[in-house]
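A closer look at the structure
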Amino acid sequence: MYEGAIQDLIDELGRLPGVGPKSAQRIAFHVLSSDPSDVKRLAQALTRVKELVRFCTRCFNVAESDLCRICRDPRRSDEVYCVVEEPKDVVAIERTGEFRGRYHVLGGAINPLEGVGPDNLKVRELMMRLADGTCKELILATDPNTEGEATATYLALLVKPMGLNVTRLASGLPVGGDLEYADEITLGRAFEGRRAV
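Values in this document were obtained by computation on a predicted structure and should not be read as measured data. (Residues numbered from 1 in each chain as written. Predicted model: local features only at pLDDT ≥ 70, side-chain atom pairs only at ≥ 80, totals over all residues. Heavy atoms only, no water.)

Now for the UniProt feature "domain: Toprim" (unreviewed entry) in the chain. In this structure's numbering, the residues bearing the UniProt feature "domain: Toprim" (unreviewed entry) are residues 79-174. Taken end to end, residues 79-174 is 33% helix and 18% strand, and its first and last C-alpha atoms sit 29 Å apart. (UniProt positions renumbered as here; feature names shortened; annotations may be inferred. Helix = DSSP H or I, 4+ residues; strand = E, 2+ residues; numbered from the N terminus.)

Here is the structure:
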């Protein structure tokens, strides 16, 4: 559609997840009309993240040193691990302020259709962390979809011989939601996860 550098930028932006052709075009023209210092800051931030950010050698969360800030925090409990699929899931749980244990980021979920099996995830590393016997509870906080459920089931069966208390995050109705709009699976899970008041 366009020539040279602007089309190259649109093409590169369009390769980002969640950015379609129209969004890529809008972003490209926004960059084109932005102040050069703003564009330079964006370019520097992109370069810095690739140079500085890596994965924690213990839990595989994002970090700028060998260990992430959570693994370095001595106030965290070593008796409870929360297993998540991606680093963004750590951020979501941390925002709640409810969890004070350690994390383990798998790097995805089991998805045979995409060719992702347990060997493609950080399952072996999790088992090595659990082997020392410090952890008493393993919270499986994988996504409530087919892949997340398969991953949680696989991990639960794998760690069962270790005698750990294995739990799964409750799922059900959102706060402020109406029962009439809930699908059968969500409503069924809400019934399974009900608690005394």
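As a further point, take the pairing of strand β4 (residues 102-105). The two faces of the sheet receive side chains in turn, since in a regular strand these alternate between them. Of the two faces of β4, the one lined by Arg102 and His104 and the one lined by Tyr103 and Val105 are each fully buried. Bridge analysis of strand β3 (residues 80-84) against β4 gives four bridges, and the strand direction is parallel. If you follow Val84 over to β4, its bridge partner there is Val105. (Buried < 20%, exposed > 50% of the residue type's maximum accessible area, 1.4 Å probe, protein only. Pairing = 2+ DSSP bridges.)

On the basis of which strands lie adjacent, the open sheet formed by four strands has the order β4-β3-β5-β6 and parallel pairing. Bordering the open sheet on either side are β4 and β6 (165-168), each of which pairs with just one other strand. Direction aside, neighbouring strands of the sheet carry axes that sit 25 degrees apart on average. In this structure, β3 lies alongside strand β5 (residues 137-140), joined through four bridges in parallel fashion. Within β5, the position partnered with Val83 by the bridge is Leu140. Set on the sheet, helix α5 (residues 87-96) makes contact with β3 and β4; between it and β4 the angle comes to about 155 degrees. Against the sheet, helix α7 (residues 146-159) touches β3, β5 and β6, its axis set at about 170 degrees to β6. (Axes fitted to C-alpha atoms, helices over the stretch in contact; angles between N-to-C directions. Contact = heavy atoms within 4.5 Å.)

With that settled, the discussion passes to helix α1 (residues 4-14). The set of residues buried in α1 consists of Ile6, Gln7, Ile10 and Leu13. With its buried residues spanning 125 degrees around the axis, α1 presents them on a single face. Considering only its buried residues, α1 is in contact with α2 (21-33). (Arc of directions from axis to C-beta.)

When you line up the elements, Asp89 lands in helix α5. Buried and without a salt bridge, Asp89 has Lys88 as its closest oppositely charged side chain, separated by 4.5 Å. Those residues in contact with Asp89 that sit more than four places away from it in its chain are Val84 and Asp143. (Lys, Arg positive; Asp, Glu negative; His and termini not counted. Salt bridge = Lys/Arg side-chain N within 4 Å of Asp/Glu carboxyl O.)

A word on the pattern of salt bridges. Side chains that carry opposite charge are capable of pairing whenever their charged atoms lie near each other. Here the structure, examined in full by the defined rule, presents nine salt bridges. With a closest N to O distance of 3.0 Å, Glu12 and Arg15 form a salt bridge. Residue class for Glu12 comes out partly exposed when judged on its relative accessible area of 45%. Given the relative accessible area of 64%, Arg15 is considered exposed. Among the salt bridges present, the one from Arg168 reaches Glu149, with a minimum N-O distance of 3.1 Å. Taken together, the residues span a long stretch of sequence, with Arg168 in strand β6 and Glu149 in helix α7 at a distance of 19 residues. Its relative accessible area of 29% is what places Arg168 among the partly exposed residues. The structure contains a network of salt bridges with shared partners spanning Asp73, Arg75 and Arg100.

Annotation from UniProt places "zinc finger region: C4-type" (unreviewed entry) at residues 56-71. As annotated, residues 56-71 has a helix share of 19% and a strand share of 12%, and its two end C-alpha atoms lie 8 Å apart.

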